[in-house]
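Secondary and tertiary structure notes
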Amino acid sequence: MTRWLRSVWVRAGITVFILAYLWRQVDTGAALRAMVQANPLALVVVAVLVLLDRVVMIWRWVLLLRASGTAVGTMTAARIFLVSSFVGSFLPAGVGGDAARAYALGQRTAQRGAAVASVAIDRILGVIAIALMGGIGIAAYARSHPDPKVQLVAVSSAAAVLVGSVAAVWADRWIRWLPSSWHAWAGVRLPLRIADAMAGYRQQPGTLVVVFGLSVLVQLLRILQAFGLGLGLGLTVPFAYYLVFMPIGLLMLLLPISISGFGLPQGVMVWLLRPLGVPDELSLALSTLIVLSGLFGNLPGAWLYLRERHP
């Protein structure tokens, strides 16, 4: 199954299928016109927020690297992060950039276990932060706008993410429940080595608290970006609802079954905005701008990548 999902043709097929379905169901011409006519000031503010969330993401990863004693400078770590984010645009959504970052750091420091562990902890704390923001959104929105269908999806998604994330943090414990004869197999040995490296972070709760706080800040910045784009399109969706549907959309972006975030995340966002009476063409315009804003944040990495290839 994993090998199947890694196929670029399979992911491209899924992305094209979902986009084709949306194009048949939605007036794409109206969606495009809405994007072109979006308030320029809102787009500028969102662009600044995108660059700010990149700075915070680099900062939290640097803190994790320092905590693990990984021998890499701050500027080098920033360069690796930005370039790998750009390269990840052409890999499976969600995990492509992480894999590129772990590989690049491992090549530079020869500490491959620590490299993978730093990226894994970074991702896990980010996912837990998404679940937390979703829970806050449900509590805030449910007070005045009870919608059982949306609440069920949000609660179940947040619960599954939280359970999975906690299990990943303590993976060194439950992997050792497997028979000891299995530990020599590559399929168990490598995950166990990475889990042991991740376990070292549990001995530094102060760093984890700070990094988690920065992860929450990143997710809040992304929700503010979506809210700003919505205002730029003239949407009257309350901010509390962005706290509900954006965490779900962000989780969809993490699934490695699309290319650059196109396809599934857009379809889910269109569906989640229907209960508020948002026209599908505006929902498609908003979801597309959200994906494009993420690609805009990868432009510094593109510049660094091209500079390294053509000095």
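Here is what the cut-offs are and how they apply
Every chain begins its residue count from 1, and numbering advances along the sequence as written. The model is predicted, so local features are restricted to residues of pLDDT at least 70 and side-chain atom pairs to those at 80 or more, both for listing and for counting; the totals for chains, interfaces and linings are taken over all residues. Each side-chain value is worked out from all heavy atoms of the structure, with water and hydrogens disregarded. UniProt positions are given in the numbering used here, feature names are shortened, and annotations may be inferred rather than shown by experiment. Only DSSP runs of H or I covering at least 4 residues are called helices, and only runs of E covering at least 2 are called strands; the numbering of each starts at the N terminus. Should any heavy atoms of two residues lie within 4.5 Å, those residues are counted as being in contact. The definition of a nonpolar core used throughout is a set of buried Ala, Val, Leu, Ile, Met, Phe, Trp, Tyr and Cys residues joined through side-chain atoms within 4.5 Å. For the exposure calls, accessible area comes from a 1.4 Å probe over protein chains only, and a residue counts as buried if that area is under 20% of its type's maximum, exposed if over 50%, partly exposed in between. Only the stretch in contact is used when a helix axis is fitted, and all axes are lines through C-alpha atoms; the angle between N-to-C directions ranges over 0 to 180 degrees. Angles are sorted into four bins: roughly parallel if under 35 degrees, roughly antiparallel if over 145, roughly perpendicular if 65 to 115, and oblique for all others. Here is the rule: rings of Phe, Tyr and Trp (six-membered ring for Trp) pair when centre to centre is within 6.5 Å. Planes less than 30 degrees apart are stacked, more than 60 are edge-to-face, and the remainder are tilted. Here pLDDT means the predictor's own confidence in every residue, given as a number from 0 to 100.

The protein chain goes by Flippase-like domain-containing protein in an unreviewed UniProt entry, where it is assigned to Luteitalea pratensis. Its UniProt record, at the heading Subcellular location (unreviewed entry), says of the protein chain: "Cell membrane".

This brings us to the UniProt feature "transmembrane region" (unreviewed entry) in the protein chain. The feature "transmembrane region" (unreviewed entry), as given by UniProt, occupies residues 7-23, 43-65, 77-95, 115-140, 152-171, 239-264 and 284-306 in the numbering adopted here. Here residues 115-140 runs as 100% helix and 0% strand, with 38 Å between its end C-alpha atoms. Secondary structure across residues 284-306 comprises 91% helix and 0% strand; the distance between its end C-alpha atoms is 32 Å.

So, about the environment of Val83. Residue position: Val83 is located in helix α5 (residues 74-87). Considering only alpha carbons, one finds Val83 and Pro300, 217 residues apart in sequence, at a separation of 7.8 Å. For Val83, the residues in contact, after removing those within four places along its chain, are Gly301, Leu304, Tyr305 and Glu308.

What follows is about the nonpolar core. Ranked by internal contacts, the top residues of the largest apolar core, which has 40 residues, are Leu233, Tyr241, Tyr242, Phe245, Met246 and Leu286. Ranked by the residues each element gives to this core, the list is headed by helix α12 (residues 239-254), at eleven residues. Other than its neighbours up to four places away in sequence, Met246 contacts Arg222, Ile223, Ala226, Met269 and Ile290. Counting 21 residues, the second-largest nonpolar core is a separate cluster that includes Ile58, Leu65, Ile80 and Leu82.

Here the focus is helix α13 (residues 264-273). For α13, a buried count of seven out of ten residues is recorded, marking the element as mostly surrounded by other parts of the structure. Among all positions of α13, only Pro265, Gln266, Val268, Met269, Val270, Leu272 and Leu273 are buried.

We now examine the packing of α5 against helix α15 (residues 299-309). Two numbers describe a pair of packed helices, the interaxial angle and the distance between the axes. Where α5 contacts α15, the axes come no closer than 7 Å and their chain directions differ by 100°. As summarised for this structure, α5 and α15 are arranged roughly perpendicular, according to the angle between their axes. Along the contact surface, α5 presents Arg79, Leu82, Val83, Phe86 and Val87, while α15 presents Pro300, Gly301, Ala302, Leu304, Tyr305 and Glu308.

Here the focus is the packing of aromatic side chains. For the structure shown, the criterion picks out six aromatic pairs. For the pair Phe86 and Tyr305, a centre-to-centre distance of 5.5 Å together with 50° between the ring planes defines the contact as tilted. With Phe86 in helix α5 and Tyr305 in helix α15, this residue pair connects regions lying 219 residues apart in the sequence. With a relative accessible area of 16%, Phe86 lands in the buried category.

Attention shifts here to the confidence of the model for the protein chain. Interpretation of this model should avoid reading the predicted coordinates in detail wherever pLDDT is low. A residue-level look at the protein chain finds 79% of positions with pLDDT of 70 or above and a mean pLDDT of 79. Ranking the elements of the protein chain by mean pLDDT puts helix α1 (residues 2-6) last, at 46, and helix α4 (residues 40-68) first, at 93.

Among the structural elements, Ile121 can be located in helix α7 (residues 112-142). A C-alpha to C-alpha distance of 9.9 Å links Ile121 and Phe212, two positions 91 residues apart in sequence. Look past the residues within four positions of Ile121 in its chain and what remains in contact with it is Leu64, Met198, Tyr201 and Leu208.

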